[in-house]
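# Structure assessment
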Amino acid sequence: MESDYDYDYEYDDDAFPESDEDMASGDDYEFDAHAEVQTAAKRAPYIIYDEAELRERQQKAVDDVAGVLSVDKGDVVRVLREYKWDASRLQEEWFTDTDAVRDKAGLMDRTQPASSSGKDQCKICFDDYNVKEMRSAACNHRFCRACWKGYIGAKVAEGPAVLGLRCPLPNCRAAVPQSIITEVASDTDLKKYSSFALRSFVEDNRQLTWCPSPGCENAVEVKADVGGEPMDVACKCGAAFCFQCTEEAHRPVDCATVHRWILKNSAESENLNWILAHTKQCPKCKRPIEKNQGCMHMTCSQCRFEFCWLCQGSWAEHGERTGGFYNCNRYEVGKKKGDYDEESLKREQAKNALERYMHYYQRWAENDRARLSALDAMNTMIEKRLEEISEMTATPTSQLKFLSDAWAQVVDCRRILKWTYAYGYYRFAESAQAQTSAHSSTAADALRQQQEFFEFNQGQAEYFLEKLHGMAEKQVGSFLDGGEPVEGWAKFRENLIGLTDVTRVHFHKLVSELERGLDTILDVYDNSAGQEHGDVQGPSAPQPAAAKKKAPRPSKKPRGAGSSQVASSKGPSQDELETVAGIWQCAHCTLANTLSRADCSACGNARGSRP
Amino acid sequence: MQGMDQASLLLRKQLKELTKRPVDGFSAGLVDDSNLFEWQITIMGPPDTLYEGGFFNATLSFPSDYPQSPPTCRFTSEMWHPNVYADGRVCISILHNPGDDPHGYEKAAERWSPVHTVETIMISIISMLSSPNDESPANIDAAKQWREDREGFKRKVARVVRKSQEML
């Protein structure tokens, strides 16, 4: 495993290393399986805060800036809010033009010291008060406390704009200091104000967002600028969501595709498509009619118009002469002339588009359901059955973590798999069109190739996931109800850990390939197919001769970047595949075959033979 | 009912002040002596404007949380002006709640603030009569005529001025 993190080493022609070498550091192996449960979570650091922690975090943000600018903390909150909590931009502008920043936020110096004696008239209620009883912002426009209270109450009721509260006097831009608000506002108003302040910290701040899960009040802070990239984060409440769009986590699919897909699933357009594909309009009243049985003699249930289903002419012109109830000569003649071509083509297209969508949607929805049920099963297992298993196998619960790891892997992979269907639907829309129109071009060919490749990887990943899901679900169950002897537990444990790891590797591969775009993949595989150590993946197409060259593998990623656990060098060995997944991989075409086959079902070469 | 009390006190104070020291350009009183929240105003058409010589009646209705929220003003005399709706309601920015403006404080000075009084409101309305704002018209027909057919606009205003005099 010495070259685990090295992408630049040269590949040996001697394709498969001894598997025991891979397994030599068994401890290592196990450790990885545990550490890598969150298969696809991008490793940009993020922090989850509950409300108390969030307030602490806000306080710290204020303190940090207050230290640098050496200004009163209340004022810092004002300017930070003005700058959407972007401390570096604020500091930059502050040191360029302090006055401009202060003016923008309504901060000003007291021009004269607040006198503490004498009387003044409140400009709102026109009553006279002792100056001591009155309050003013830095502008020295004094108002009585009752009027302040009313003013602040009215502004709080208007919403978060109260955070930028200014002196009540028109034309006066002075910011009302926090101290006045704290002093005079009623408890309810103060509570609202403070919740506005916290919301502003999260909602205005580009690096923070609320957890979208209903009832969860946690916030997430991402420590690095992730740009517009989708980024999966997992909240403490269990929700996994995308930091960018706050939809559920959907890596490797981008936010725009997810948005389109969700919109499409909720839109009516598919209903219309169905109507178009399966109905014809009544020639008279234009209502859509579905013909589900019977002869061609139709009677519209709405307007009672009688017509022929095929040619859509009035039934009065039909009879024995035109072919009877099950045929229509007029239609046959018209069809030969091409009269109905356009209409039937349109219907055909709508049907195809609908079927295509249904294909992807069903798989998307199926995986979603599977994910939810896996999540459920995982929680039940952890909460209810862990003790039982621990007792049965005489192992401490701490040693049973591999079970929840396996389940977590299933949940995670179900989600990824689900989104790859949304990806496939949009990514290969053109290829589907090209197929129907039968036009062939190099671009379409390339796309088709990519699609095959994508679907192959998707299929491989799905295969292992199904296997893992079944193993975690059924086999544990049969241990519990005595169907399998406890002696097999150690073996089972080893297998499940292995399969969890194999599945993770496959999904990691799928994710990183989709993220890089499939274009680069074809190149990579043209150059290095079959040379990767123990790699089960690769296009099913035969390898080009060039693959034999000792070329360094083109690598888009810098060495040791981010997630250094890249799948390629950590793929499962042949032995692992056989014992854990129950397959063997053909060394000629890389196809995964079931153990019962002695030769490859794709290329016919014998098992164990080398090219 | 503390807000109500504050509003009544403040309105009573302003009414007393205006009776003692009337302000040029308008006169003010209550519609019904038992209700401090409905005021009857007569506005003199400002000199050197199209409205000169007119006596226009209007009502000011105050909300219970005045002065935190603005009153509404409505002409009861016939009026022809880009910033007055066909039903007589006056549309000027200082009578809008700041909450209507999602951006908040961009033009804070032009919006409602609790320091406004009957006097400052009437001064704003009188200044509106002398210089209509056709950027955000309430009466589109009047605004269009003001922009495109000034003569026609003048004739129409002259008619409402004459009518207001006949009502005296």
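A quick note: this is a predicted structure, and the numbers were derived from the prediction, not measured.

## Comments concerning the overall build of chain A
Summing up its helical and strand segments, chain A has 19 helices and 15 strands in all. Element-wise, carbon and sulfur atoms account for 49% of the exposed surface of chain A, whose accessible area totals about 31,000 Å².

## Re the packing of aromatic side chains
Counted according to the given criterion, the structure contains 29 aromatic pairs over all chains. It is A:R493 that lies over the ring of A:F402; its NZ or CZ is 5.3 Å from the centre. Above the ring of B:W80, the side-chain terminus of B:K156 is found at 4.0 Å from the ring centroid.

## Considerations on the interface of chain B and chain A
A common measure of how large an interface is: the accessible area buried when the components associate. Taken together, the contact between chain B and chain A spans 15 residues of the former and 20 residues of the latter. Here chain B meets chain A over a buried area of about 1,500 Å², counting both sides, of which 62% is carbon and sulfur. Taken together, chain B and chain A are joined by one salt bridge. For the interface between chain B and chain A, the tally reads five residue pairs in polar contact (both at pLDDT 80 or more).

## A few points about the sheet that holds strand 1 (residues 26–30) of chain B
All names here are of chain B. Read across the open sheet, the four strands follow the order 1-2-3-4; overall the sheet is antiparallel. Lying at the two open borders of the sheet, with one neighbouring strand each, are strand 1 and strand 4 (72–75). In this sheet, adjacent strand axes meet at a mean angle of 25 degrees when their direction is disregarded. For strand 1 and strand 2 (residues 38–44), the ladder comprises five bridges, and the chain directions are antiparallel. Bridge pairing links L30 to W39 in strand 2. Sitting on the sheet, helix 2 (residues 118–130) is in contact with strand 1, strand 2, strand 3 (55–61) and strand 4, with an inclination near 40 degrees to strand 2.

## Topic: the sheet that holds strand 1 (residues 46–49) of chain A
Residues and elements named next belong to chain A. With respect to topology, three strands assemble into an open sheet ordered 1-7-6, the strand pairing being antiparallel. Edge positions in the sheet fall to strand 1 and strand 6 (208–210), since each of these pairs with one other strand and no more. Neighbouring strand axes in the sheet, compared pairwise and without regard to direction, differ in orientation by 20 degrees on average. Relative to strand 7 (residues 219–222), strand 1 runs antiparallel, the two sharing four bridges. Note on strand 7: the bridge partner recorded for Y49 is A219.

## Focus: the pattern of salt bridges
Residues and elements named next belong to chain A. Evaluated as defined, the whole model comprises 29 salt bridges over all chains. Among the ionic pairs, E366 bridges to R369, the shortest N-O distance being 2.9 Å. In this pair, E366 and R369 are both assigned in helix 13 (residues 341–393), three residues apart and thus about one turn of the helix distant. Through salt bridges with shared partners, a single network forms among E133, R135, R145 and E183.

## Examining the environment of B:S93
Residues and elements named next belong to chain B. Within the secondary structure, S93 is located in the loop between strand 4 and helix 2. Its relative accessible area of 27% is what places S93 among the partly exposed residues. For the pair S93 and W112, spaced 19 residues apart in the sequence, the C-alpha separation amounts to 7.4 Å. Residues in contact with S93, not counting those within four places in the same chain, are E110, R111 and W112.

## Re the nonpolar core
Counting 54 residues, the largest nonpolar core has A:W261, A:L403 and A:F492 as its most contacted members. Listed by contribution, the elements that provide at least two residues to this core are helix 10 (255–266), helix 13, helix 14 (401–427), helix 16 (442–480) and helix 17 (489–516) of chain A. Broken down by element, this core gets its largest block of residues, 16 residues, from helix 14 of chain A. Excluding anything up to four places from it in sequence, A:L403 contacts A:M381, A:L386, A:I389, A:V476, A:W489, A:F492 and A:L496. Judged by nonpolar contacts, the second largest core, of 41 residues, contains B:L10, B:C73, B:M79 and B:V161.

## Structural notes on the pairing of strand 3 of chain B
Residue and element names in this part refer to chain B. In the sheet, strand 2 pairs with strand 3 via seven bridges, with the strands oriented antiparallel. Bridging across to strand 3, M44 finds its partner in F55. Bridge analysis of strand 3 against strand 4 gives four bridges, and the strand direction is antiparallel. Looking at the pairing, S61 lines up with T72 of strand 4.

## Observations regarding the state of the cysteines
This model, assessed by the stated rule, comprises zero disulfides over all chains. Take A:C167: it sits in no disulfide, and the sulfur closest to it among the cysteines is that of A:C172, at 3.8 Å.

## Overview of the packing of helix 3 (residues 51–69) of chain A against helix 5 (residues 87–96) of chain A
Residue and element names in this part refer to chain A. One can describe the packing of helix 3 onto helix 5 by two numbers: an axis separation of 11 Å at closest approach and a directional angle of 20 degrees. Judged on the interaxial angle alone, helix 5 and helix 3 are roughly parallel. Handedness of the crossing formed by helix 3 with helix 5: right-handed. Together, V65, V68 and L69 of helix 3 and A87, L90, Q91, W94 and F95 of helix 5 make up the contact between the two elements.

## Some points on the packing of helix 3 of chain A against helix 4 (residues 73–82) of chain A
All names here are of chain A. Remark: helix 3 packs on helix 4, axes separated minimally by 9 Å, with the N-to-C direction vectors making an angle of 105 degrees. Relative to helix 4, helix 3 is oriented roughly perpendicular. Residue-level contacts link Q59, A61, V62, D63, V65 and A66 of helix 3 to K73, V76, V77 and L80 of helix 4. By residue class, the composition of the contact of helix 3 with helix 4 is seven nonpolar, one polar and two charged.

## Considerations on the confidence of the model for chain B
All names here are of chain B. Scored by pLDDT, chain B has a mean of 86; 89% of the residues are at 70 or more. Within the model, the stretch residues 100–106 combines pLDDT values under 50 with eight contacts to residues more than four positions away or in other chains. Two summary scores accompany this predicted model of the complex, namely pTM at 0.59 and ipTM at 0.80.

## Describing the side chain of A:S512
Residue and element names in this part refer to chain A. Tracing the chain through its elements places S512 in helix 17. Assessed through its relative accessible area of 12%, S512 is described here as buried. Of the polar contacts made by the side chain of S512, one reaches the backbone oxygen of K509; its length is 3.2 Å.

## Quick word on the environment of A:A429
Residues and elements named next belong to chain A. Among the structural elements, A429 can be located in helix 15 (residues 429–437). Judged by its relative accessible area of 29%, A429 is partly exposed. On a C-alpha basis, the gap between A429 and A353 in space is 9.3 Å, while along the polypeptide they are 76 residues apart.

## Let's talk about unusual backbone geometry
Cis geometry is found at the peptide bond from A:R251 to A:P252, where omega equals 10 degrees. With respect to the helices, strands and loops of the structure, A:P252 is situated in the loop between strand 9 (240–242) and helix 10. A cis amide bond, omega 10 degrees, links B:Y66 with the succeeding residue B:P67. Residue position: B:P67 is located in the loop between strand 3 and strand 4. The residue B:D48 is not glycine, and still its phi comes out positive at about 60 degrees. Its place among the elements puts B:D48 in the loop between strand 2 and strand 3.

## Thoughts on helix 9 (residues 187–203) of chain A
In an α-helix, one turn spans 3.6 residues; hence positions three or four apart end up facing the same way. All names here are of chain A. Compared with the 24 Å implied by 1.5 Å per residue over 17 residues, the 24 Å span of helix 9 between its first and last C-alpha is a close match. Buried within helix 9 we find D189, Y193, F196, A197, L198, S200, F201 and V202. Contact partners of the buried residues in helix 9: helix 3, helix 4, helix 7 (145–158), helix 8 (178–184), strand 6 and strand 7.

How each quantity is defined
- Residues numbered from 1 in each chain as written.
- Chains lettered and ligands numbered in written order.
- Predicted model: local features only at pLDDT ≥ 70, side-chain atom pairs only at ≥ 80, totals over all residues.
- Heavy atoms only, no water.
- Helix = DSSP H or I, 4+ residues; strand = E, 2+ residues; numbered from the N terminus.
- Areas by Shrake-Rupley, 256 points an atom, 1.4 Å probe, with all protein chains shown as cover.
- Phe/Tyr/Trp six-rings, centres within 6.5 Å; stacked < 30°, edge-to-face > 60°.
- Lys NZ or Arg CZ within 6 Å of the ring centre and 35° of its normal.
- Contact = heavy atoms within 4.5 Å.
- Buried area = accessible area lost by both parts, 1.4 Å probe.
- Salt bridge = Lys/Arg side-chain N within 4 Å of Asp/Glu carboxyl O.
- Polar contact = N/O pair within 3.5 Å; in protein donor to acceptor, adjacent residues only side chain to side chain.
- Pairing = 2+ DSSP bridges.
- Axes fitted to C-alpha atoms, helices over the stretch in contact; angles between N-to-C directions.
- Buried < 20%, exposed > 50% of the residue type's maximum accessible area, 1.4 Å probe, protein only.
- Core = buried A, V, L, I, M, F, W, Y, C linked by side-chain atoms within 4.5 Å.
- Disulfide = S-S within 2.5 Å.
- Parallel < 35°, antiparallel > 145°, perpendicular 65-115°, else oblique.
- Left-handed = near helix turned anticlockwise from the far one by under 90°.
- Nonpolar A, V, L, I, M, F, W, Y, C, P; charged D, E, K, R; others polar.
- pLDDT = per-residue confidence, 0-100.
- Expected span 1.5 Å × (residues − 1).

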